[in-house]
Amino acid sequence: MNRRGLAFWKLLQGPAMVGLTLLAYFWAKPLNNGFQVPEAARIIFWHVPMAMLGLLWFFVAGYHAVRFLFGRGSGDLRSDSRVSFACEVGLACTLLATFSGMIFAQVQWRTPWNWDPKQVSILVLIMIYVAYFGLRMSVDEPQLRARLTSAYAILGAVAAPLLMYVVPHLPQVQTLHPTQVLTGGLDSKWRLIWMGFTVVFLGVTAWLFELRVRLAALEARRSEAGDPEDQVVVEAVRRPSGGATTGAAG
Amino acid sequence: MDALYWVLGASALVWGGLFAYLIGTDLRLRRLEAELDREKRA
Amino acid sequence: MAAVFLKDLRSELRTPSAISTLGMFVLTTTVLVSLTVVTTGPGLDMNALDGAALKEAVRTGARIYFPGQTLVRAQLLSAFFWIILYFGALTGIPRVFTKEEEQHTAVLLRLVARPSAIFAGKLIFNVILLELVAAAVTPIYLLLLQPVIARPFDFGAHIFVGTASISGTATLIGAMVSRSGNRGYLAVILGLGPLLPVLVAGINGTAAAMQGTGGNYVLGLVSYLGMMTALSALLFEKVWRD
Amino acid sequence: MVELKLDSISKRFGGRQVIRGVRAIVQTGETLVVTGRNGSGKSTLLSIIAGVLRPDRGSAGLWVDGVELDPDSRRTAVGWVAPDLTLYRELSAWENLDFYARVRSLPWSRDRAEALLEQVGLAGRGHDLVGTFSSGMRVRLKYAVALQCRPRLLILDEPTAMLDQSGAAIVEALIREQRNRGVLVLATNDPNELRHGDLFLDLEAGG
């Protein structure tokens, strides 16, 4: 029955990664527009997809949270564990985006952290994920925990895109972020490689997510097999005489 | 040029490690799933 | 809905718990900020005096700063206001739910009341509570920190709408926190993500109102308030019911 | 015609199975007595029966005249008295009754409130704050709140704990009255109260 395994899309990721890395360093020429160190522009290949995937996995978490709370199989704890796995993957992506951004900021602006609005946004995104796991740890009862954290994941999934894309673009908020490079100044080589990386990173994170889901399913099946609960039946028994004799002998 | 090879080497190491881990875990899970299926049928 | 609101109001008037947590917190931090943080002086006031003139002013007893603040000061003072309000709201508002849990009245309430009625009643109570606290603390803030406000109406409007926005989302977060084992600080962490847009808009909006520059976020805040309140109402039942 | 159907109810908290496979069918005029030592899951089972706690498996359906009640209609059909349910201390007895009547959307009048208070032996104390009540008086007020809706299903947890003799007599009368109104579920460890039961559920029986 189980034919999931090493599918084609998984095995393709290795060669794709090698190819893209070689292309990124030998085919794409360093960018001069706005970068202190032209070589450092290659951050785009890594950093931007990671930030986007961080948000994307948050949406995935939100989707499973909606399914858990409102979907047909609502109350199914498998959806809840999917929410938490998506948050794990998303948290890893946002952390990687943040660290890579800090390295770039050191090269570009001589400081790893300058409270650029984009940095603040991603920090808050990290805090939403951290708060999610904080809430998760503070409730013991699985169903209650699942409901509370799913509700929070939905709240976060609605607030996160606002934080990432609306707040940094408010008129009074000024960003040093070289956004214009992405929207206008990329040539077709860069664009192609960038898209390739995005797809591969998506594949890697999806693979990680899939492994987590399968591992959890496996554990659930195992514990089910070794746990004969519910065999017991406690049935109410009727008073032998049948009739109610309230007030009589105590 | 030296820096470039360092970067390439490091990313080969990191990605190689990650892929090895992913493939290894995937295969292990596959084996366990198959085992459990067989037990169930038995 | 009205019943829940009236009950909370009556109970709060007899044994203040939310208002005392919230009000005292907001009051003490406002005083603390005004006591310990330098919010005037060179770099913060447009016409602040340089060193020699400053000495002269101190010697003659003249005013040592002039109104006419820089954008930096406006943003600093706005940030203080909203941060104080944020922390006050997220420590005080969950009280309306934790009180029910601590006094063991929540279980019966779950049986007898519609979740929507509870949410609406508590929401109205919280909005009024936080608006009252904001209305009480604003004069103190104006007195102690003395910001120059070019457009008082805009300033007030941002505070009014932003406060309502905070209390709407904080109501849902309060319900979550009251159901988790971890009652104290969790609300402050949980609230930051969903409420940061409100804080950023509020801080920029009041700063712009102080400086008389462009930037009005009232509409943005109103739409965020509407969206988050609708979402909170939707999610509340799932959080409240077992 | 009221019917309470407990169908294979199971509930676990954390890793511990508290209730396993509980079954019972109780009909109008009957009383279900639930026994079991402390920690055997009595209160959990009562919460499930009341409808405020969802079981992991199984269901607790309350049927009135052949229609199963949804949570919304249970608000006015279930009365529940238990030691861990508390009323608002900072409100008076009156205000408590008034609040619960309103959130349940029950028709309400002064006379009805007076009659209820009199029935539970609290006549004339309506304006006192519940915080000033003795523990026995608080239990009596809980009965008044439970009876407000003329419950089709009445759930009593340790009904006479904290009550004096006159209080116990009131509960006794109430239990008799409930037979005409619907179903009664009684959780107790007092051997003296077992006589009320038509059906018996021993939570320890399943091991």
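Above this note sits the structure.
Reading the values: the criteria
- Residues numbered from 1 in each chain as written.
- Chains lettered and ligands numbered in written order.
- Predicted model: local features only at pLDDT ≥ 70, side-chain atom pairs only at ≥ 80, totals over all residues.
- Heavy atoms only, no water.
- Axes fitted to C-alpha atoms, helices over the stretch in contact; angles between N-to-C directions.
- Helix = DSSP H or I, 4+ residues; strand = E, 2+ residues; numbered from the N terminus.
- Parallel < 35°, antiparallel > 145°, perpendicular 65-115°, else oblique.
- Left-handed = near helix turned anticlockwise from the far one by under 90°.
- Contact = heavy atoms within 4.5 Å.
- Nonpolar A, V, L, I, M, F, W, Y, C, P; charged D, E, K, R; others polar.
- Buried < 20%, exposed > 50% of the residue type's maximum accessible area, 1.4 Å probe, protein only.
- Polar contact = N/O pair within 3.5 Å; in protein donor to acceptor, adjacent residues only side chain to side chain.
- Phe/Tyr/Trp six-rings, centres within 6.5 Å; stacked < 30°, edge-to-face > 60°.
- Lys NZ or Arg CZ within 6 Å of the ring centre and 35° of its normal.

Caption draft 1: Representation of the packing of helix H1 (residues 2-14) of chain C against helix H7 (residues 115-145) of chain C in the model. Residues and elements named next belong to chain C. Running from amino to carboxyl end, H1 crosses H7 at an angle of 45°, the nearest separation of the two axes being 8 Å. The orientation of H1 with respect to H7, classified from their angle, is oblique. Here H1 runs over H7; the crossing is right-handed. Across from Val-4, Phe-5, Lys-7, Asp-8, Leu-9 and Glu-12 in H1, the residues of H7 making contact are Ala-117, Ile-118, Gly-121, Lys-122, Ile-124, Phe-125 and Ile-128. Partitioned by chemical class, the residues of the contact of H1 with H7 number eight nonpolar, one polar and four charged.

Caption draft 2: Structural view of the side chain of C:Thr206. Residues and elements named next belong to chain C. Summarising the element assignment, Thr-206 is placed in helix H9 (residues 186-211). For Thr-206, a relative accessible area of 2% corresponds to the buried category. Among the polar contacts listed, one links the side chain of Thr-206 to the side chain of Ser-78, at a separation of 3.1 Å. A distance of 3.3 Å separates a polar side-chain atom of Thr-206 from the backbone oxygen of Ile-203.

Caption draft 3: Representation of the interface of chain A and chain C in the model. Across the contact, 27 residues belong to chain A and 32 residues belong to chain C. Viewed at the interface, chain C and chain A are joined by four residue pairs in polar contact (both at pLDDT 80 or more). Broken down by secondary-structure element, the contributors of at least two residues to the side of chain A that touches chain C are helix H3 (43-70), helix H5 (117-137) and helix H6 (142-166) of chain A.

Caption draft 4: Just the packing of aromatic side chains, in detail. What the rule picks out here adds up to 20 aromatic pairs over all chains. Measuring from ring centre to ring centre gives 4.3 Å for A:Phe58 and A:Tyr129, while their planes differ by 25°; the resulting arrangement is stacked. Note that A:Phe58 is positioned in helix H3 and A:Tyr129 in helix H5, a separation of 71 residues in sequence. The pair formed by A:Phe58 and A:Tyr129 is uniform in burial state, with each residue classed as buried. On the numbers, 5.7 Å between centres and 35° between planes, the contact of A:Phe197 with A:Phe201 is tilted. Separated by four residues within a single helix, A:Phe197 and A:Phe201 lie in helix H8 (residues 188-225), roughly one turn from each other. Considered together, A:Phe197 and A:Phe201 belong to a single accessibility category, that of buried residues. Three or more aromatic residues joined by ring pairs form one cluster here, namely A:Phe45, A:Trp46, A:Phe197, A:Phe201, A:Trp207, B:Trp15 and B:Phe19. Sitting above the plane of the D:Phe99 ring, C:Lys7 keeps its charged end 5.4 Å from the centroid. In this structure, C:Arg110 is placed above the aromatic ring of C:Trp240, and the distance from its NZ or CZ to the ring centre is 4.6 Å.

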